[in-house]
Amino acid sequence: MGKVQRPDPVLLIVAAFSRHEGALDWVRGRLQAEFGPIAMESPRYPFDQTDYYAASMGAGLRKTFFVPAELIDPADLAEIKLRSNAWEEEYAATAGAAEPRPINIDPGYLTPGKLVLASTKDFVHRVYLKKGIFAEATLFYRRGTWEPHSWTFPDYREARYHPFFDRCREYLLGRRKTEAGS
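The shown structure was predicted, so the numbers you read here are calculated from the model rather than taken from an experiment. Here the residue index of a chain counts from 1 through its sequence in written order. pLDDT decides what is reported in this predicted model: residues at 70 or higher carry local features, side-chain atom pairs at 80 or more are listed and counted, and totals for whole chains, interfaces and linings draw on all residues regardless. Note that the side-chain values use all heavy atoms of the structure and ignore hydrogens as well as water.

**Student:** What am I meant to see in the overall build of the protein chain here?
**Tutor:** Of regular secondary structure, the protein chain possesses five helices and nine strands. Runs of E in the DSSP output that reach at least two residues are strands. Runs of H or I that reach at least four are helices, and both are numbered from the N terminus. Its helices and strands taken in sequence order, the protein chain reads β-α-β-β-α-β-α-β-β-β-β-β-α-α from the N to the C terminus. C-alpha atoms define the radius of gyration, and 2.2 Å times the number of residues to the power 0.38 defines the globule rule. Here the protein chain has a C-alpha radius of gyration of 16 Å; the compact-globule value for 182 residues is 16 Å, and the two agree. Structurally, the protein chain occupies a C-alpha span of about 55 × 35 × 30 Å along its principal axes. For the protein chain, buried positions account for 45% of its 182 residues. Throughout, a residue-residue contact means that at least one pair of heavy atoms, one from each residue, lies within 4.5 Å. Of the contacts made within the protein chain by residues no fewer than 6 positions apart, 66% connect residues no fewer than 24 positions apart. Each accessible area is a Shrake-Rupley estimate made with a 1.4 Å probe; only the visible protein chains count as cover when residues are assessed. Per element, the accessible surface of the protein chain, about 9400 Å² overall, is 54% carbon and sulfur. Charged side chains in the protein chain number 25 positive and 24 negative. The centres of these two groups are separated by 4 Å. Note on classification: 1.4 Å probe, protein chains only; a residue is buried when its accessible area is under 20% of the maximum for its type, exposed when over 50%, partly exposed between these limits. We score Asp and Glu as negative and Lys and Arg as positive, and we do not count His or the chain ends. Here the site of a charge means NZ on Lys, CZ on Arg, CG on Asp, or CD on Glu.

Structure below.
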């Protein structure tokens, strides 16, 4: 029988996309207020791999990733997803944007071997966490590169995010090493 152990802390990574630069800045501020300093922020990439969100979010979407400095317990992902959903509703109610969903916020976490994303939608490859939240391993790290699964979203399949995820992985490994030495 295997011995039950606590999982290692993981790196919270929050994707946000919008056509409004101010909305992305707002998410950054909310994350800082909730989780402390932001250790890393990706470039703002064009989010043009699908028009799935056009009706609710408009055109010209840009996507960015925020990484708070502090590591988290992976068991906290469901609660973080519930908070990010509440933030989306708050921003939509107060921003005065023309579209019904001016911001999309998708939290997940990164380990040395995978990128996990939270979702409110069930599917064959998703595992239920709690309170209506599911998780999926979106990418895995093998032989020095990020690789997709058959279900991986089109934008995560593209290599454009992968250098940022490499930096996140190195940051996580460094943090774990530092904390192990303390």
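Picking up after the structure, the text goes on.
**Student:** Please clarify how unusual backbone geometry should be interpreted in this entry.
**Tutor:** A negative phi holds for most residues other than glycine; trans holds for most peptide bonds. Notably, Lys131 is not glycine yet its phi reads approximately 50 degrees, a positive angle. Mapping Lys131 onto the fold places it in the loop between strand 7 (127-130) and strand 8 (133-142). A positive phi angle, near 50 degrees, is found at Arg143, a position not held by glycine. You can call Arg143 exposed: its relative accessible area is 75%.

**Student:** Looking at this structure, how should I read the packing of helix 1 (residues 21-35) against helix 3 (residues 77-94)?
**Tutor:** Between two packed helices, what matters for the description is the angle formed by their axes and the separation of those axes. Lines are fitted to the C-alpha atoms to define the axes, a helix being fitted only along its stretch in contact, and any angle between axes, read from their N-to-C directions, falls within 0 to 180 degrees. In contact at an axis separation of 12 Å, helix 1 and helix 3 are set at 135 degrees when each is read in the N-to-C sense. What the angle tells us is that helix 1 and helix 3 run oblique. In the crossing of helix 1 with helix 3, the sense of the turn from one axis to the other is right-handed. Every residue of helix 3 that contacts helix 1 at Gly22, Ala23, Trp26, Arg30, Leu31, Glu34 and Phe35 is listed here: Ile80, Arg83, Trp87, Glu90 and Tyr91. Throughout, the term roughly parallel applies to angles under 35 degrees, roughly antiparallel to angles over 145, roughly perpendicular to angles from 65 to 115, and oblique to all others. Crossing handedness is read from the near helix: turned anticlockwise from the far helix by less than a right angle, it gives a left-handed crossing, and turned clockwise, a right-handed one.

**Student:** Teacher, can you tell me more about the packing of aromatic side chains here?
**Tutor:** Both the distance between ring centres and the angle between the ring planes are used here to describe each pair of aromatic rings. Only rings of Phe, Tyr and Trp enter the pairing, Trp through its six-membered ring, and a pair is recorded when the two centres are within 6.5 Å. The plane angle decides the type: under 30 degrees is stacked, over 60 is edge-to-face, the rest tilted. Under the definition given, this model contains 19 aromatic pairs. With 6.0 Å between their ring centres and 70 degrees between their planes, Phe65 and Tyr156 make a pair best called edge-to-face. Placement of Phe65 in strand 4 (residues 62-68) and of Tyr156 in helix 4 (residues 154-157) is noted, with a sequence separation of 91 residues between them. Between Trp146 and Phe165 the ring centres are 6.2 Å apart and the planes differ by 75 degrees, which places this aromatic pair in the edge-to-face class.

**Student:** Sorry if this is basic, but what is going on with the pattern of salt bridges here?
**Tutor:** Pairs may arise between side chains of opposite charge once their charged atoms sit close together. Think of a salt bridge as a Lys or Arg side-chain nitrogen and an Asp or Glu carboxyl oxygen that are within 4 Å of each other. For the structure shown, the criterion picks out 22 salt bridges. Of the charged contacts, one joins Arg142 and Glu147 as a salt bridge, the two residues approaching to 2.6 Å between their closest N and O atoms. A salt bridge links Arg175 to Glu179; its shortest N-O distance comes to 2.6 Å. Of this pair, Arg175 and Glu179 both sit in helix 5 (residues 162-181), four residues apart, which is roughly one turn of the helix. Taking relative accessible area as the criterion, Arg175 reaches 16% and is therefore assigned buried. The class of Glu179 is partly exposed, set by a relative accessible area of 37%. Beyond isolated ion pairs, a larger network of salt bridges with shared partners links Glu21, Asp25, Arg28, Glu41, Arg44 and Arg62.

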